[in-house]
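Residue-level listing of the chains:
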Amino acid sequence: MKMYDYLVAYNFNADGYLTICSGTTQLSRKKKIDSFEELNSVTEFIAGRIEGAKNVSVYNFVLLGRNKH
């Protein structure tokens with residue numbers, strides 16, 4: 001099955017840090033990010049992977065292409 005591969009850049013807050021934290025991740029999805037609901041699911045996925053993350057916001061995502069996984 002071909003998946004949509006994305007590079008996602010995000011910001012978040014976490015206890016113990018004085019400033020906003022940021023990060024990037026590569027993400028593979030069955031569906032293309034083409035709606036607010038899809039973007040919301042990406043944000044929830046990232047928040048679930050980072051312990052103590054609050055106020056996660058995706059500020060950029062780039063479609064890298066479709067690849068077979």
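(A) Seen up close, the overall build of the chain. Check the secondary structure of the chain and you find one helix and three strands. The linear arrangement of helices and strands in the chain, starting from the amino end, is β-β-α-β. Referenced to the eigenvectors of the C-alpha coordinate spread, the extents of the chain come out at roughly 40 × 20 × 20 Å. The burial tally for the chain puts 33% of its 69 residues in the buried class. Total accessible area on the chain is roughly 5,000 Å²; 50% of this is exposed by carbon and sulfur atoms.

(B) Seen up close, the pattern of salt bridges. Tallying each qualifying case throughout the model produces three salt bridges. Taking the shortest distance from any N to any O, the salt bridge between Lys54 and Asp15 comes out at 2.8 Å. Linking Lys54 in strand S3 (residues 53-68) with Asp15 in the loop between strand S1 (2-14) and strand S2 (21-29), this pair joins segments that are 39 residues apart in sequence. With its nearest N and O atoms 2.1 Å apart, the salt bridge here joins Glu38 to Arg29. Across this residue pair, the class does not change: Glu38 and Arg29 are buried.

(C) Layout of the nonpolar core. Ranked by internal contacts, the top residues of the largest apolar core, which has 15 residues, are Val8, Phe12, Val42, Ile46 and Ile50. Elements supplying a minimum of two residues to this core: S1, S2, helix H1 (36-49) and S3. When residues in this core are grouped by element, the largest group, six residues, is from S1. Ignoring anything within four residues of it in the chain, the contact list for Val42 reads Val8, Leu27, Arg29, Ile33 and Val58.

(D) Spotlight on the sheet that holds S2. As summarised here, the arrangement of the three strands in space is S2-S1-S3, forming an open sheet in which the pairing is antiparallel. Both edges of this open sheet fall to S2 and S3, since each of them pairs with a single strand only. Adjacent strand axes in the sheet meet at a mean angle of 20° when their direction is disregarded. On the sheet, H1 packs against S1, S2 and S3 and is oriented at approximately 115° with respect to S3.

(E) How the structure looks around the environment of Glu44. One can find Glu44 in helix H1. Distance from Glu44 to Val56, taken between C-alpha atoms, is 8.0 Å for residues twelve residues apart in sequence.

Conventions adopted
- Residues numbered from 1 in each chain as written.
- Predicted model: local features only at pLDDT ≥ 70, side-chain atom pairs only at ≥ 80, totals over all residues.
- Heavy atoms only, no water.
- Helix = DSSP H or I, 4+ residues; strand = E, 2+ residues; numbered from the N terminus.
- Buried < 20%, exposed > 50% of the residue type's maximum accessible area, 1.4 Å probe, protein only.
- Areas by Shrake-Rupley, 256 points an atom, 1.4 Å probe, with all protein chains shown as cover.
- Salt bridge = Lys/Arg side-chain N within 4 Å of Asp/Glu carboxyl O.
- Core = buried A, V, L, I, M, F, W, Y, C linked by side-chain atoms within 4.5 Å.
- Contact = heavy atoms within 4.5 Å.
- Pairing = 2+ DSSP bridges.
- Axes fitted to C-alpha atoms, helices over the stretch in contact; angles between N-to-C directions.

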